[in-house]
Amino acid sequence: MSKALWKINEVGRPSFVNYVSDDYQLQENEFYGTFPKDKWKNVNNPGDEPDYLKFKYKNYLCEIKRPSLSLLHLCGYVTLERDNKLYGKEWFEKEIQNLEVHGGITFAEPTKEGKWQIGFDCAHYDDVVPGSDVALFGSSDYSICKDITYKDMWFVKSELMQLVDQIDGLNTKKDRYSNDSNN
């Protein structure tokens with residue numbers, strides 16, 4: 001088994017180094033695992049923000065996670081059952097693209113359990129992407145970019161809840177119309 005190895009770079013930000021074996025001896029300024037939020041500079045001070053959150057809202061399973069060990073941004077996902085109007089729709093299809101969520105829907109794939117998951121990411125032009133600021137701006141100081149903000153766990157949760165409200169509304173309309181046509 002190998003672990004993700006990180007090193008604090010010259011501007012105090014973590015940089016992904018490589019995967020190392022379990023018996024690797026850590027050197028100074030190196031660590032395993034997830035991004036150390038106490039080292040984030042100018043990123044809305046995320047504090048003890050988790051790297052993963054799973055919750056149910058209106059009977060929809062929602063997940064928030066960091067899918068990338070290098071970029072470290074958050075993504076939000078909603079799981080759809082087979083009877084959902086949007087089940088099986090690709091991210092680029094009109095019904096999915098009509099959903100309003102931060103940056104638009106950028107993900108739609110089946111799950112291992114035979115359900116469908118759609119989601120969005122927080123790695124857009126107006127997002128602080130913690131793992132890429134040095135690469136993009138040559139600095140970890142976002143104060144020069146006034147409209148760029150870190151989208152934290154609570155922002156993503158709020159967006160997911162609004163997304164579920166839209167999905168639930170579409171399915172309610174579908175049910176209402178199908179019931180009306182049978183009468």
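This report concerns the structure included in the present document. If you're wondering where the values come from, they're calculated on a predicted model, not measured in any experiment. Each chain carries its own residue numbering, running from 1 in the direction its sequence is written. The predicted origin of the model limits local features to residues at a pLDDT of at least 70 and limits the giving and counting of side-chain atom pairs to 80 or more, whereas totals for whole chains, interfaces and linings rest on all residues. To get the side-chain values, take all heavy atoms of the structure and skip hydrogens and water.

**A word on the overall build of the protein chain**
- Here a helix means four or more residues in a row that DSSP labels H or I, a strand means two or more in a row labelled E, and each is numbered from the N terminus. In terms of helices and strands, the protein chain carries three helices and eight strands.
- Counting from the amino terminus, the protein chain carries its helices and strands in the arrangement β-β-β-β-β-β-α-β-β-α-α.
- At a minimum sequence separation of 6, the contacts of the protein chain that also span at least 24 residues come to 51%.
- In the structure as shown, the protein chain presents an accessible area of about 10,600 Å², 49% of it carried by carbon and sulfur atoms. The criterion used for residue contact is that any of the two residues' heavy atoms lie within 4.5 Å. Each accessible area is a Shrake-Rupley result for a 1.4 Å probe, and residues are judged covered by the shown protein chains and nothing else.

**A few points about the environment of Asp-165**
- Relative to the helices and strands, Asp-165 resides in helix H3 (residues 153-182).
- Taking the relative accessible area as the measure of exposure, Asp-165 reaches 31% and is therefore partly exposed.
- Separated by 108 residues in sequence, Asp-165 and Tyr-57 have C-alpha atoms that sit 9.0 Å apart.
- Those residues in contact with Asp-165 that lie beyond four places of it in its chain are Tyr-57 and Lys-58. Accessibility here uses a 1.4 Å probe with only protein chains present; expressed as a share of the type maximum, an area under 20% marks a residue as buried, one over 50% as exposed, and anything in between as partly exposed.

**Some points on the pairing of strand E5 (residues 60-65)**
- By the bridge criterion, six bridges tie strand E4 (residues 52-57) to E5 in an arrangement that is antiparallel. Counted as the bridge partner of Phe-55 is Cys-62 from E5.
- At least two bridges found by DSSP between two strands is the condition for calling them paired. Once E4 ends, the chain turns through two residues before running back antiparallel as E5, passing Lys-58 with a positive phi of about 50°.
- In the sheet, E5 pairs with strand E6 (residues 75-80) via five bridges, with the strands oriented antiparallel. Among the inter-strand pairings, Ile-64 is bridged to a residue of E6, identified as Gly-76.

**What to know about the pattern of salt bridges**
- Salt-bridge detection follows one rule: a side-chain nitrogen of Lys or Arg within 4 Å of a carboxyl oxygen of Asp or Glu. Taken as a whole and assessed by the stated rule, the structure comprises four salt bridges.
- In this structure, Lys-58 and Asp-165 form a salt bridge, with 2.8 Å as the shortest nitrogen-oxygen distance. In this pair, Lys-58 sits in the loop between E4 and E5 while Asp-165 sits in helix H3, placing the two residues 107 residues apart along the sequence.
- Among the salt bridges present, the one from Glu-81 reaches Lys-115, with a minimum N-O distance of 3.3 Å. Of this pair, Glu-81 sits in the loop between E6 and helix H1 (94-97) while Lys-115 sits in the loop between strand E7 (107-110) and strand E8 (116-121), and the two are 34 residues apart along the sequence.
- Here Lys-115 falls in the partly exposed class, since its relative accessible area comes to 28%.

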